[in-house]
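Below are the chains, spelled out letter by letter.
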Amino acid sequence: DEVNQHIYIADLENSRIQVVSFEGEFLKRFGQDILKKPWGIAVTADNVFVTDRNLHALLQFRKKDCKLVRRTGTKGAGEGQLAVPRGLCSDYNGDVYVAEYRNNRVSVFSKQLQFMKCLGTQQLRSPLDVKVTRNSVVILDGSPNCIHFYSRSGDLLN
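Residues numbered from 1 in each chain as written. Predicted model: local features only at pLDDT ≥ 70, side-chain atom pairs only at ≥ 80, totals over all residues. Heavy atoms only, no water.

J.: In this structure, what is going on with the pairing of strand S5 (residues 47–52)? I would like to understand it.
T.: For a regular strand, side chains alternate in direction, first toward one face of the sheet and then toward the other. In terms of burial, S5 is a largely internal element, 6 of the 6 residues being buried. Covered by surrounding structure in S5 are Asn47, Phe49 and Thr51 together with Val48, Val50 and Asp52, the residues of both alternating faces. Where strand S4 (residues 38–43) lies against S5, 4 bridges are found, and the strand directions are antiparallel. Looking at S5, one finds that proline 38 is bridged to aspartate 52. The loop that links S4 with its antiparallel partner S5 comprises 3 residues. Relative to strand S6 (residues 57–62), S5 is paired through 6 bridges, and the arrangement is antiparallel. Residue pairing for S6: aspartate 52 is matched across the bridge by alanine 57. The hairpin formed by S5 and S6 contains 4 residues between the paired strands, and histidine 56 there has a positive phi angle of roughly 55°. (Buried < 20%, exposed > 50% of the residue type's maximum accessible area, 1.4 Å probe, protein only. Helix = DSSP H or I, 4+ residues; strand = E, 2+ residues; numbered from the N terminus. Pairing = 2+ DSSP bridges.)

J.: I would appreciate a short explanation of the sheet that holds strand S3 (residues 26–30) in the present structure.
T.: Hydrogen bonds between backbone groups are what pair the strands of a sheet, and the pairing can be parallel or antiparallel. On the basis of which strands lie adjacent, the open sheet formed by 3 strands has the order S1-S2-S3 and antiparallel pairing. Either end of the sheet is taken by a strand with one partner, and the two such strands are strand S1 (6–11) and S3. Across the sheet, the axes of successive neighbouring strands diverge by a mean angle of 20°, strand direction being ignored. With 4 bridges connecting them, strand S2 (residues 16–21) and S3 associate as antiparallel partners. In the sheet register, valine 20 faces S3, and the bridge partner there is phenylalanine 26. (Axes fitted to C-alpha atoms, helices over the stretch in contact; angles between N-to-C directions.)

In C-alpha coordinates:
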(Lines give C-alpha, C1' and ligand atoms only; values in the text may rest on other atoms or scores of the structure.)
Protein backbone atom coordinates (compact mmCIF):
# COMPACT_ATOMS: atom_id res chain seq x y z
CA ASP A 1 0.00 0.00 0.00
CA GLU A 2 2.17 2.83 -1.28
CA VAL A 3 -0.30 5.57 -0.32
CA ASN A 4 -0.18 4.74 3.40
CA GLN A 5 3.32 3.22 3.16
CA HIS A 6 2.14 -0.09 4.62
CA ILE A 7 3.26 -3.62 3.74
CA TYR A 8 0.70 -6.43 4.10
CA ILE A 9 2.13 -9.87 4.89
CA ALA A 10 0.32 -13.22 4.66
CA ASP A 11 1.49 -14.97 7.82
CA LEU A 12 0.83 -18.55 6.71
CA GLU A 13 1.98 -20.28 9.89
CA ASN A 14 0.13 -17.97 12.30
CA SER A 15 -3.08 -17.78 10.21
CA ARG A 16 -3.28 -14.00 9.98
CA ILE A 17 -2.34 -10.91 8.02
CA GLN A 18 0.30 -8.62 9.49
CA VAL A 19 0.78 -4.99 8.54
CA VAL A 20 4.09 -3.20 8.94
CA SER A 21 5.38 0.21 7.88
CA PHE A 22 7.88 0.62 5.07
CA GLU A 23 10.47 0.95 7.85
CA GLY A 24 9.47 -2.45 9.31
CA GLU A 25 7.52 -1.17 12.34
CA PHE A 26 4.64 -3.49 13.33
CA LEU A 27 1.29 -1.72 12.92
CA LYS A 28 -1.49 -4.31 13.26
CA ARG A 29 -2.65 -7.83 12.54
CA PHE A 30 -6.03 -9.18 11.51
CA GLY A 31 -7.88 -12.25 10.28
CA GLN A 32 -6.57 -14.61 12.96
CA ASP A 33 -10.10 -15.72 13.89
CA ILE A 34 -11.06 -16.33 10.24
CA LEU A 35 -8.03 -17.42 8.24
CA LYS A 36 -6.43 -20.88 8.22
CA LYS A 37 -3.55 -20.65 5.70
CA PRO A 38 -3.51 -17.21 4.04
CA TRP A 39 -1.40 -17.17 0.89
CA GLY A 40 -1.92 -14.22 -1.44
CA ILE A 41 -2.76 -10.57 -0.82
CA ALA A 42 -3.97 -7.80 -3.12
CA VAL A 43 -4.43 -4.31 -1.69
CA THR A 44 -6.68 -1.73 -3.34
CA ALA A 45 -7.67 1.78 -2.25
CA ASP A 46 -10.44 0.45 0.02
CA ASN A 47 -9.93 -3.30 0.40
CA VAL A 48 -7.50 -6.07 1.20
CA PHE A 49 -8.20 -9.28 -0.72
CA VAL A 50 -6.73 -12.51 0.67
CA THR A 51 -6.62 -16.07 -0.65
CA ASP A 52 -6.62 -18.91 1.85
CA ARG A 53 -5.32 -22.22 0.52
CA ASN A 54 -6.94 -24.35 3.26
CA LEU A 55 -10.33 -22.61 3.19
CA HIS A 56 -10.27 -22.67 -0.63
CA ALA A 57 -11.60 -19.14 -0.44
CA LEU A 58 -11.15 -15.53 -1.47
CA LEU A 59 -11.83 -13.07 1.33
CA GLN A 60 -12.37 -9.31 1.18
CA PHE A 61 -11.45 -7.17 4.20
CA ARG A 62 -12.17 -3.45 4.51
CA LYS A 63 -8.81 -1.71 4.61
CA LYS A 64 -9.73 1.02 7.10
CA ASP A 65 -10.83 -1.30 9.94
CA CYS A 66 -9.73 -4.78 8.73
CA LYS A 67 -13.27 -6.17 9.06
CA LEU A 68 -14.38 -9.02 6.81
CA VAL A 69 -16.70 -7.68 4.11
CA ARG A 70 -17.37 -10.87 2.15
CA ARG A 71 -16.03 -14.26 1.29
CA THR A 72 -16.45 -16.45 -1.76
CA GLY A 73 -15.34 -19.88 -2.80
CA THR A 74 -15.82 -23.42 -1.67
CA LYS A 75 -13.56 -26.35 -2.50
CA GLY A 76 -14.28 -27.64 -5.99
CA ALA A 77 -13.78 -27.17 -9.71
CA GLY A 78 -17.07 -25.51 -10.66
CA GLU A 79 -17.53 -21.85 -11.58
CA GLY A 80 -16.79 -19.75 -8.52
CA GLN A 81 -15.31 -22.68 -6.62
CA LEU A 82 -11.62 -22.66 -5.74
CA ALA A 83 -8.97 -25.32 -5.18
CA VAL A 84 -5.79 -24.24 -3.38
CA PRO A 85 -5.87 -20.56 -4.38
CA ARG A 86 -2.46 -18.94 -4.36
CA GLY A 87 -1.44 -15.56 -5.79
CA LEU A 88 -3.92 -12.88 -6.74
CA CYS A 89 -4.15 -9.33 -7.99
CA SER A 90 -6.70 -6.65 -8.71
CA ASP A 91 -7.02 -4.71 -11.96
CA TYR A 92 -7.93 -1.05 -12.53
CA ASN A 93 -11.67 -1.95 -12.54
CA GLY A 94 -11.36 -3.64 -9.15
CA ASP A 95 -11.82 -7.14 -10.58
CA VAL A 96 -9.83 -9.80 -8.71
CA TYR A 97 -7.76 -12.51 -10.46
CA VAL A 98 -6.96 -15.66 -8.45
CA ALA A 99 -4.36 -18.29 -9.45
CA GLU A 100 -5.72 -21.73 -8.54
CA TYR A 101 -2.95 -24.25 -8.07
CA ARG A 102 -5.14 -27.40 -8.09
CA ASN A 103 -7.74 -26.33 -10.67
CA ASN A 104 -5.03 -25.28 -13.14
CA ARG A 105 -6.69 -21.98 -13.97
CA VAL A 106 -7.10 -18.35 -13.01
CA SER A 107 -10.58 -17.39 -11.81
CA VAL A 108 -11.77 -13.81 -12.20
CA PHE A 109 -14.22 -12.20 -9.76
CA SER A 110 -15.84 -8.77 -9.69
CA LYS A 111 -14.95 -6.39 -6.86
CA GLN A 112 -18.13 -7.69 -5.15
CA LEU A 113 -16.60 -11.20 -5.49
CA GLN A 114 -19.10 -12.40 -8.08
CA PHE A 115 -17.58 -15.04 -10.38
CA MET A 116 -16.98 -13.73 -13.91
CA LYS A 117 -14.79 -16.17 -15.89
CA CYS A 118 -11.79 -18.52 -15.93
CA LEU A 119 -8.54 -18.19 -17.88
CA GLY A 120 -6.02 -20.80 -18.90
CA THR A 121 -8.10 -23.92 -18.41
CA GLN A 122 -6.37 -25.70 -21.33
CA GLN A 123 -2.81 -24.42 -20.88
CA LEU A 124 -2.04 -24.08 -17.16
CA ARG A 125 -0.69 -26.86 -14.97
CA SER A 126 0.10 -25.32 -11.56
CA PRO A 127 -0.45 -21.55 -11.57
CA LEU A 128 1.26 -19.83 -8.66
CA ASP A 129 0.66 -16.14 -9.26
CA VAL A 130 -1.07 -13.69 -11.58
CA LYS A 131 -0.60 -10.01 -12.44
CA VAL A 132 -2.62 -7.78 -14.75
CA THR A 133 -1.20 -5.08 -17.00
CA ARG A 134 -3.13 -2.60 -19.09
CA ASN A 135 -3.36 -5.04 -22.01
CA SER A 136 -2.61 -8.50 -20.67
CA VAL A 137 -2.87 -11.02 -17.87
CA VAL A 138 0.49 -12.52 -16.88
CA ILE A 139 0.41 -15.91 -15.17
CA LEU A 140 3.33 -17.66 -13.48
CA ASP A 141 2.89 -21.41 -14.01
CA GLY A 142 4.96 -23.48 -11.58
CA SER A 143 4.88 -26.97 -13.08
CA PRO A 144 6.54 -26.22 -16.42
CA ASN A 145 8.24 -23.17 -14.84
CA CYS A 146 7.02 -20.70 -17.41
CA ILE A 147 5.07 -17.49 -17.82
CA HIS A 148 1.91 -17.29 -19.92
CA PHE A 149 0.47 -14.11 -21.40
CA TYR A 150 -3.27 -13.78 -22.06
CA SER A 151 -5.31 -10.97 -23.47
CA ARG A 152 -7.70 -9.41 -20.99
CA SER A 153 -10.51 -11.22 -22.82
CA GLY A 154 -8.79 -14.56 -22.13
CA ASP A 155 -7.01 -15.43 -25.39
CA LEU A 156 -3.55 -17.00 -25.06
CA LEU A 157 -0.94 -14.61 -26.51
CA ASN A 158 2.21 -16.79 -26.34
